[in-house]
Amino acid sequence: MIDLHSHTTASDGQYAPTELLTRAAAAGVTVLAVTDHDTVAGLAEAAEAARAHGVELVPGIEISAFIHGRECHILGHFLRPDDEDIARFADRLRLEREQRMEALLERMRQLGYPVRMEHVLAVAGDAQLGRPHLARVLVDRGWVVDVKEAFDRFLGARGAAWVERFKLAGEDAIRLIRNAGGTATLAHPGSSRMERLEIRALAQAGLAGLEVLHEDHNPSVRQKYLALAKDLDLVPTAGSDFHGEAISADHRLGTASMPPELFAKLKSRAQA
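This structure is a prediction, so every number in the text was calculated from the model and none was measured.

Considerations on the nonpolar core
- Judged by nonpolar contacts, the single largest core of 47 residues is most densely connected at L32, I74, L186, I199 and L210.
- Leaving out residues up to four positions away in the same chain, L186 has contacts with C72, H73, I74, M194, I199, L202, L207, G209, L210 and E211.
- Within the second largest apolar cluster, 21 residues are counted, among which are L105, V137, V147 and F154.

Laid out in structure tokens, this is it:
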């Protein structure tokens, strides 16, 4: 079973890399990509755990970017974890995320919710700060029922506490991944509402894959993007987008897989 999309506590996942690999092996996953948001901090621990469990680790990252004014998520696979440009990018994003979190907290306080940075840090630990950490604080304090409500009411693009974020062009995200020896894949295009125009522009910039098999894609959506992948010469990929049951209960390890021949095709594009 080949799963090319998962997260650890290095970003917004529930489990540390070692625990993630333990659970992946138990679920029958033989190849797992660890693709934390804007960081590769969890890959060293993940590599050690993968060896212990006999799982092939695909070193990766998930980068938030924009194409034609629309947010998209670009997965990097097979990249060099020690790449200097990736490290500089992660450092820049860590600072930007801290500044954005301070602004989000100020908006929440103005709305009458007295949440502070120490509350978020207690949830996030050493991970890259992100809105899901604040969402979990809001859930824990009983101000919202679940993470979805936190985003719908406060933290999403139309939420009352929304703060604009640093915007990286999709082409630049792809270039960063390719320069680090990796392949770039567009994550969950259905959830991100990506259409042919945007996907074609990313393909022209060097996109290699399209995440067709994703828990949020129903059969008709999968067929739509499978046809697009074929038409644009993109490798159809699969990913559970696993964060942990407490964060996203409907995204489970072992529920998304791709044929070995397509995995080999994606890997060959990294080596080309």
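Re the pairing of strand β7 (residues 235–239)
- Burial of β7 is extensive: five of the five residues sit out of reach of the surface.
- Here β7 shows two buried faces, one formed by V235, T237 and G239 and the other by P236 and A238.
- Between the parallel pair strand β6 (residues 209–214) and β7, the chain is carried across by helix α9 (residues 219–231), and the sense of this crossover is right-handed.

Details of helix α2 (residues 43–53)
- Those residues of α2 that sit buried are L43, A46, A49 and A50. Along the axis of α2, the buried positions cluster into a sector of 120 degrees, meaning they face one direction only. Facing away from the buried side of α2, by more than 90 degrees, are the exposed residues A44, E48, R51 and A52.
- Residues of α2 that are buried make contact with α1 (17–26), β2 (31–34) and β3 (56–67).
- Two residues or fewer after α2 comes G54, characterised by a positive phi angle close to 70 degrees.

Brief notes about the domain arrangement of the chain
- Its domain assignment divides the chain into domain 1 (2–83 + 181–269) and domain 2 (89–154).
- Taking only C-alpha atoms into account, the centre of domain 1 sits 24 Å from that of domain 2.
- At the junction of the two partners, domain 1 supplies ten residues and domain 2 supplies ten residues.
- Regarding the contact of domain 1 and domain 2, the summed buried area is about 810 Å², with carbon and sulfur atoms giving 55% of it.
- Considering only the surface of domain 1 that becomes buried against domain 2, D12, D38 and I247 emerge as the three largest contributors, covering 50% of it.
- Along the contact surface separating domain 1 from domain 2 lie one salt bridge.
- Across the pair R97 and D38 runs a salt bridge, and its minimum N-O distance is 2.5 Å.
- Connecting domain 1 to domain 2 are two residue pairs in polar contact (both at pLDDT 80 or more).
- Each residue belonging to the side of domain 1 that touches domain 2 can be placed in one class, and the counts come to three nonpolar, five polar and two charged.

Thoughts on the sheet that holds strand β1 (residues 2–3)
- Here seven strands make up an open sheet; going across it, the order is β1-β2-β3-β4-β5-β6-β7 and the pairing mixed. Looking along the sheet, the strands with just one partner apiece sit at the ends: β1 and β7.
- Relative to strand β4 (residues 70–77), β3 is paired through eight bridges, and the arrangement is antiparallel. What sits directly across from S64, in β4, is H73.

Some points on helix α8 (residues 196–204)
- Those residues of α8 that fall on the buried side of the exposure criterion are E198, I199, A201 and L202. Along α8, the residues classed as buried sweep out an arc of 160 degrees about the axis, all on the same side.
- Packing partners of the buried residues in α8 comprise β3, β4, α7 (170–179), β5 (183–186), β6 and α9.
- In the segment just after α8, G206 is the residue with positive phi, at about 115 degrees.

Considering the pattern of salt bridges
- Applying the stated criterion across every chain, the model contains 16 salt bridges.
- Note that E19 is salt-bridged to R23, the shortest N-O span being 2.8 Å. Here the residue E19 and the residue R23 both occupy positions in helix α1, the gap between them amounting to four residues, near one helical turn.
- R23 sits in the partly exposed class, given a relative accessible area of 32%.
- Counted as one network, the salt bridges with shared partners bring together E19, R23 and E245.

Analysis parameters
Residues numbered from 1 in each chain as written. Predicted model: local features only at pLDDT ≥ 70, side-chain atom pairs only at ≥ 80, totals over all residues. Heavy atoms only, no water. Core = buried A, V, L, I, M, F, W, Y, C linked by side-chain atoms within 4.5 Å. Buried < 20%, exposed > 50% of the residue type's maximum accessible area, 1.4 Å probe, protein only. Contact = heavy atoms within 4.5 Å. Helix = DSSP H or I, 4+ residues; strand = E, 2+ residues; numbered from the N terminus. Right-handed = clockwise from strand over helix to strand, strands pointing away. Arc of directions from axis to C-beta. Domains from an automatic or database assignment. Buried area = accessible area lost by both parts, 1.4 Å probe. Salt bridge = Lys/Arg side-chain N within 4 Å of Asp/Glu carboxyl O. Polar contact = N/O pair within 3.5 Å; in protein donor to acceptor, adjacent residues only side chain to side chain. Nonpolar A, V, L, I, M, F, W, Y, C, P; charged D, E, K, R; others polar. Pairing = 2+ DSSP bridges.

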